[in-house]
Amino acid sequence: IDFDLILENVKDLNVLAGEGVSQIEHTPGGARLRQPAPLPLTLYQNGIVMFNGPFRPYDDPSTQRCLQDIMDGYFPSELQTRYPDGV
């Protein structure tokens, strides 16, 4: 696992996802600025935790697919069900 590549690609993906950019949210009395909610990802020596969910060891096939997507420069495909309209 290339952690340097993962960190570099996460930074690039954050920019694509709108990091630091506010969106207009319409409210009944007007509007307000809202920043997109972050997607927590914690890297450990032996696995990851995403969305404050369960610990996922690196030897788990779903974890390997997730990290491979990131290393390839893509958002993890497992996020498609959670974000069907994109991140």
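The structure displayed is predicted, hence computed values, not measured ones.

Draft legend 1. Representation of the environment of L67 in the model. Mapped onto the fold, L67 is located in helix α2 (residues 61–71). Not counting residues within four places of it along the chain, the set of residues in contact with L67 comprises I1, I6, L43, I48 and Y58.

Draft legend 2. Fine view of the nonpolar core. Counting 8 residues, the largest nonpolar core is built from I6, I48, M50, Y58, C66, L67, I70 and M71. Looking at which element gives the most residues to this core, the answer is α2, with 4 residues. Residue contacts for I48: discarding those within four places in its chain leaves L41, T42, L43, P54, F55, R56, Y58, T63, C66 and L67.

Draft legend 3. Helix α1 (residues 3–16), seen in detail. Compared with the 20 Å implied by 1.5 Å per residue over 14 residues, the 20 Å span of α1 between its first and last C-alpha is a close match. All of the buried residues along α1 are I6, N9 and L13. Projected onto a plane normal to the axis of α1, the buried residues spread over an arc of 75° and lie on a single side. Facing away from the buried side of α1, by more than 90 degrees, are the exposed residues D4, K11 and V15. Buried residues along α1 sit in contact with β3 (41–43) and α2. Near the N-terminus of α1, the side chain that reaches the backbone nitrogen of D4, with its oxygen 3.3 Å away, is that of D2. Where α1 terminates, the next one or two residues include G18, which has phi positive at roughly 95°.

The rules behind these values
- Residues numbered from 1 in each chain as written.
- Predicted model: local features only at pLDDT ≥ 70, side-chain atom pairs only at ≥ 80, totals over all residues.
- Heavy atoms only, no water.
- Helix = DSSP H or I, 4+ residues; strand = E, 2+ residues; numbered from the N terminus.
- Contact = heavy atoms within 4.5 Å.
- Core = buried A, V, L, I, M, F, W, Y, C linked by side-chain atoms within 4.5 Å.
- Buried < 20%, exposed > 50% of the residue type's maximum accessible area, 1.4 Å probe, protein only.
- Expected span 1.5 Å × (residues − 1).
- Arc of directions from axis to C-beta.
- Polar contact = N/O pair within 3.5 Å; in protein donor to acceptor, adjacent residues only side chain to side chain.

By themselves, these are just geometric observations and shouldn't be taken as functional.
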